[in-house]
Number of protein chains: 2
Amino acid sequence: MNIGKAAKLSNLTVKTVRYYADIGLVKPLKNCSTGYRDFSDDDLAQLQFVAKARRFNFSIQECEELLSLYSDKNRSSKEVKALTLEKISEIDAKLIELKDLRHQLSFLANNCQGNDRPECPILDELSNA
Amino acid sequence: MNIGKAAKLSNLTVKTVRYYADIGLVKPLKNCSTGYRDFSDDDLAQLQFVAKARRFNFSIQECEELLSLYSDKNRSSKEVKALTLEKISEIDAKLIELKDLRHQLSFLANNCQGNDRPECPILDELSNA
DNA sequence: CTTTACACTCCACTTACTGGAGAGTTTATA
DNA sequence: TATAAACTCTCCAGTAAGTGGAGTGTAAAG
């Protein structure tokens, strides 16, 4: 598929997908005559994965590492599993933090209902968190 | 408190806190004679809030907006509530996505246990997600 | 009283994009 | 079949949000 479709299906911009191809994070085939990139379904899957991981601040390098786990036949499955479990526990920490952030904001929304809003409630809330 | 303590308590680096002060995201007092920044508890609370929000890719500008809700007495509480609720629904979407990412990785970890790892399971998993 | 830890400014560098110019390609429409 | 609209390409400059390091001043501990 062309870059436009790959971008749409992975929720990335065309610019970003092109950038990922430039740095070698994905390696689409290239039509020699037109110069157009040609993305396979696997390329798309990788883009979708990267898009998701990037939204949670996993760096490009970390994404690369995770992706390479599957292509590098020399790695032992122990290694694969270890890195994966490490990332999962990072995700668990993020989940807790994100729930916490949600809690703080919803506390704020509920305490700012009245028209005569008093002193800022969030700073107190935040201070003793 | 000094910048070092503020950084430690907000899980930011000294460099980053200094940067936030430079761009006016927080406004610590400044000791005229030494030039040292002096962070109040409120400054710290703001840093903690920003640290958390930034970890989930809320931009500096969004952080600024959220923080300003509390200091700007001219805003109506309706406005405060609307923006806050908007951010909460963004967080809900992120929560779903993050859980999904966790699921994908744990699926992978479980399917890479054996020593003779077969073809990559994640790409299949990702493709039909 | 001096070493160690911490603070400051300033400036260059990095990561991960983003925007725009200029030009070729493909598709839909007149 | 012509031509306009939509899509693609490269290249280059700019942005957001830091990060690293040099050179220097301040404070606390031994």
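About the cut-offs
- Residues numbered from 1 in each chain as written.
- Chains lettered and ligands numbered in written order.
- Predicted model: local features only at pLDDT ≥ 70, side-chain atom pairs only at ≥ 80, totals over all residues.
- Heavy atoms only, no water.
- Helix = DSSP H or I, 4+ residues; strand = E, 2+ residues; numbered from the N terminus.
- Buried < 20%, exposed > 50% of the residue type's maximum accessible area, 1.4 Å probe, protein only.
- Contact = heavy atoms within 4.5 Å.
- Areas by Shrake-Rupley, 256 points an atom, 1.4 Å probe, with all protein chains shown as cover.
- Phe/Tyr/Trp six-rings, centres within 6.5 Å; stacked < 30°, edge-to-face > 60°.
- Lys NZ or Arg CZ within 6 Å of the ring centre and 35° of its normal.
- Axes fitted to C-alpha atoms, helices over the stretch in contact; angles between N-to-C directions.
- Parallel < 35°, antiparallel > 145°, perpendicular 65-115°, else oblique.
- Near = heavy atom within 4 Å.
- Polar contact = N/O pair within 3.5 Å; in protein donor to acceptor, adjacent residues only side chain to side chain.
- Nonpolar A, V, L, I, M, F, W, Y, C, P; charged D, E, K, R; others polar.

Engineer: Go over the overall build of chain A, please, and point to the residues and values.
Structural biologist: Check the secondary structure of chain A and you find 6 helices and 2 strands. Residues classed as buried in chain A amount to 44% of the 129 residues present. Excluding contacts between residues fewer than 6 apart, the proportion of contacts in chain A whose partners are at least 24 apart in sequence is 43%. Just so you have it, chain A exposes about 7,100 Å², and 50% of that area is on carbon and sulfur atoms.

Engineer: Would you mind going over the packing of aromatic side chains in detail, with residue names and values included?
Structural biologist: All names here are of chain A. Applying the stated criterion across every chain yields a total of 2 aromatic pairs over all chains. Between the aromatic rings of Tyr19 and Tyr20, the centroid separation amounts to 6.0 Å while the plane-to-plane angle is 50 degrees, which identifies the pairing as tilted. Across the ring face of Phe58, the terminal group of Lys94 is positioned such that the distance to the ring centre comes to 5.0 Å.

Engineer: Lay out the packing of helix α1 (residues 3-10) of chain B against helix α2 (residues 14-22) of chain B with the relevant residues and their values.
Structural biologist: Residue and element names in this part refer to chain B. At a minimum axis distance of 9 Å, the contact between α1 and α2 shows a crossing angle of 105 degrees. The angle between α1 and α2 places the two elements in the roughly perpendicular class. Residue-level inspection shows Ile3, Gly4, Ala7 and Ser10 of α1 in contact with α2, the latter providing Val14, Val17 and Arg18.

Engineer: Tell me about the protein's contact with DNA strand D, and name the residues and values.
Structural biologist: The local shell around DNA strand D holds 19 residues, among which A:Gly4, A:Arg18, A:Lys30, B:Lys15 and B:Tyr20 are the closest. When atoms of DNA strand D within 4 Å of the protein are sorted by moiety, sugar and phosphate together comprise 69%. The side chain of A:Lys30 places a nitrogen or oxygen atom 2.5 Å from a phosphate oxygen of DNA strand D. Interatomic distance of 2.6 Å between a side-chain N/O atom of B:Tyr20 and a phosphate oxygen of DNA strand D. Of all the secondary-structure elements, those providing two or more residues to the surface near DNA strand D are α1 (3-10) and α2 (14-22) of chain A together with α2 of chain B. Considering each element in turn, the surface near DNA strand D owes the most residues, 4 residues, to α2(B). Looking at the surface near DNA strand D, its residues break down into 6 nonpolar, 7 polar and 6 charged.

As far as function goes, none of this settles anything; it's purely spatial.
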